[in-house]
Amino acid sequence: MGIEVRPATVFEDLKTIVGPKRPDANVCWCLSYRIPSKQNLELQRKERGKFVEKLVAEDPPPGVLAYDGGEVVGWAAVHPRSDTSFATSRKIPHADKADVWSVWCIRVRPGHRGKGISHKLLKGAIDFAKSHGAPAIEGYPVDNKGNRVDLTMAYVGTRRLFEQAGFTKVAETTSVLNGFPRVLMRLDLRSPN
């Protein structure tokens, strides 16, 4: 059947990818870039999941999920930059004033990695942003120059992954993750005239 990517509208599926193994654990839930830092710190344990459940019910939902048959196997967070902490980031610059969308987290479940799912998730995020009228989409991956990135930090993607999806580097950043500099990559989504 192959991998299918669709909007993240099923909370239980998103919970499978980004939620905690224990209900009382305090995990990211992919909120650290999605909401202001103060709010991110205030939301604790079960409240984080409840907040994400509300995001899933919004239009547009907070990202896309990848499915292999009926099993959820991956996640990509994608939303208008104006709705994220990248809107006010001091470390990730704005290339211009366009109302771009950001993709900032790509996760593939253990046991499903190495099958090209991250590429399909990024393509799904591009299609999702385009279907919602985004003029462009940005990512902020590490420029690891082929070196290994720790799996816990690989969620931002690599420059190569974004280049393979057609993105080009438009700016340096002052953000560093896992010892690697992050770069601002962009893909124009407007149809050529």
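Residues numbered from 1 in each chain as written. Predicted model: local features only at pLDDT ≥ 70, side-chain atom pairs only at ≥ 80, totals over all residues. Heavy atoms only, no water.

Peer 1: Got a minute to help me understand the pairing of strand β3 (residues 71-80) in this structure?
Peer 2: Working note: regular strand, side chains alternate between the two faces of the sheet. Most of β3 sits inside the fold, with nine of its 10 residues counted as buried. In this structure, strand β2 (residues 63-68) lies alongside β3, joined through six bridges in antiparallel fashion. For G63, the partnering residue across the bridge sits in β3 and is A77. Hairpin connection from β2 to β3: two residues lie between these consecutive antiparallel strands, with G69 at a positive phi of about 70°. Bridge analysis of β3 against strand β4 (residues 101-108) gives seven bridges, and the strand direction is antiparallel. (Buried < 20%, exposed > 50% of the residue type's maximum accessible area, 1.4 Å probe, protein only. Helix = DSSP H or I, 4+ residues; strand = E, 2+ residues; numbered from the N terminus. Pairing = 2+ DSSP bridges.)

Peer 1: Looking at this structure, I do not really get the packing of aromatic side chains. What am I missing?
Peer 2: One pair of aromatic rings is described through two measures. These are the centre distance and the angle between the planes. Following the criterion strictly, the structure yields six aromatic pairs and no others. Each ring, one from W101 and one from F128, has its centre 5.8 Å from the other, and the planes form 75°; the classification is edge-to-face. Placement of W101 in strand β4 and of F128 in helix α4 (residues 117-131) is noted, with a sequence separation of 27 residues between them. Residue W101 shares its accessibility class with F128, and that shared class is buried. Joined through ring pairs, the aromatic side chains of Y33, F86, W104 and Y140 make up one cluster. Against the face of Y67 rests R6, its NZ or CZ located 3.7 Å from the ring centre. (Phe/Tyr/Trp six-rings, centres within 6.5 Å; stacked < 30°, edge-to-face > 60°. Lys NZ or Arg CZ within 6 Å of the ring centre and 35° of its normal.)

Peer 1: It is not clear to me how the environment of G111 should be interpreted in this structure. Could you clarify?
Peer 2: Looking at the secondary structure, you find G111 in the loop between β4 and α4. According to the relative accessible area criterion, G111 is exposed, its value standing at 64%. Taking the C-alpha atoms as reference points, G111 and T9, separated by 102 residues in sequence, lie 23 Å from one another.

Peer 1: Can you walk me through the pattern of salt bridges in this structure?
Peer 2: Two side chains carrying opposite charge are able to pair once their charged atoms lie near each other. Taken as a whole and assessed by the stated rule, the structure comprises 14 salt bridges. E138 is paired through a salt bridge with R81; the nearest N and O atoms lie 3.3 Å apart. With E138 in strand β5 (residues 136-139) and R81 in the loop between β3 and β4, this residue pair connects regions lying 57 residues apart in the sequence. Residue classification places R81 among the buried residues on the basis of a relative accessible area of 6%. Across the pair D143 and K145 runs a salt bridge whose closest N-O atoms are separated by 3.4 Å. A residue is classified by how much of its surface remains accessible, and D143, at 10% relative accessible area, is buried. Ionic contacts of the salt-bridge type, sharing partners, join the residues R81, D96, E138 and R186 into one network. (Salt bridge = Lys/Arg side-chain N within 4 Å of Asp/Glu carboxyl O.)

Peer 1: Explanation requested: helix α3 (residues 46-57) in the structure shown.
Peer 2: Count 3.6 residues to each turn of an α-helix, and residues three or four apart come out pointing the same way. The terminal C-alpha atoms of α3 lie 17 Å apart, and with 12 residues this matches the ideal 16 Å at 1.5 Å per residue to within 8%. The secondary structure elements touched by the buried residues of α3 are α1 (11-18) and α2 (37-42). (Expected span 1.5 Å × (residues − 1). Contact = heavy atoms within 4.5 Å.)

Peer 1: Quick question: what am I supposed to make of the layout of surface pockets here?
Peer 2: Space left empty within the atom packing is revealed by a probe, the size of a water molecule, rolled over the atoms. Of the voids in this model, the largest pocket is the one considered here, and its volume is about 1300 Å³. As for the largest pocket, its lining consists of 43 residues, and the residues nearest its centre are I106, R113, L151, A154 and Y155. Mapped by element, the contributors of at least two residues to the lining of the largest pocket are α1, β4, α4 and α5 (159-164). The greatest single-element share of the lining of the largest pocket, amounting to five residues, is contributed by β4. Its residues assigned to classes, the lining of the largest pocket comprises 20 nonpolar, 15 polar and eight charged. Roughly 260 Å³ of internal volume is contained in the second largest pocket. For the lining of the second largest pocket, the per-class residue count stands at five nonpolar, eight polar and two charged. (1 Å grid on protein atoms, 1.4 Å probe; cavity = no way out; pocket = protein on both sides within 12 Å on 5 of 7 lines; lining within 4 Å. Points joined across faces, edges and corners; volume = space filled by probe spheres on them. Nonpolar A, V, L, I, M, F, W, Y, C, P; charged D, E, K, R; others polar.)

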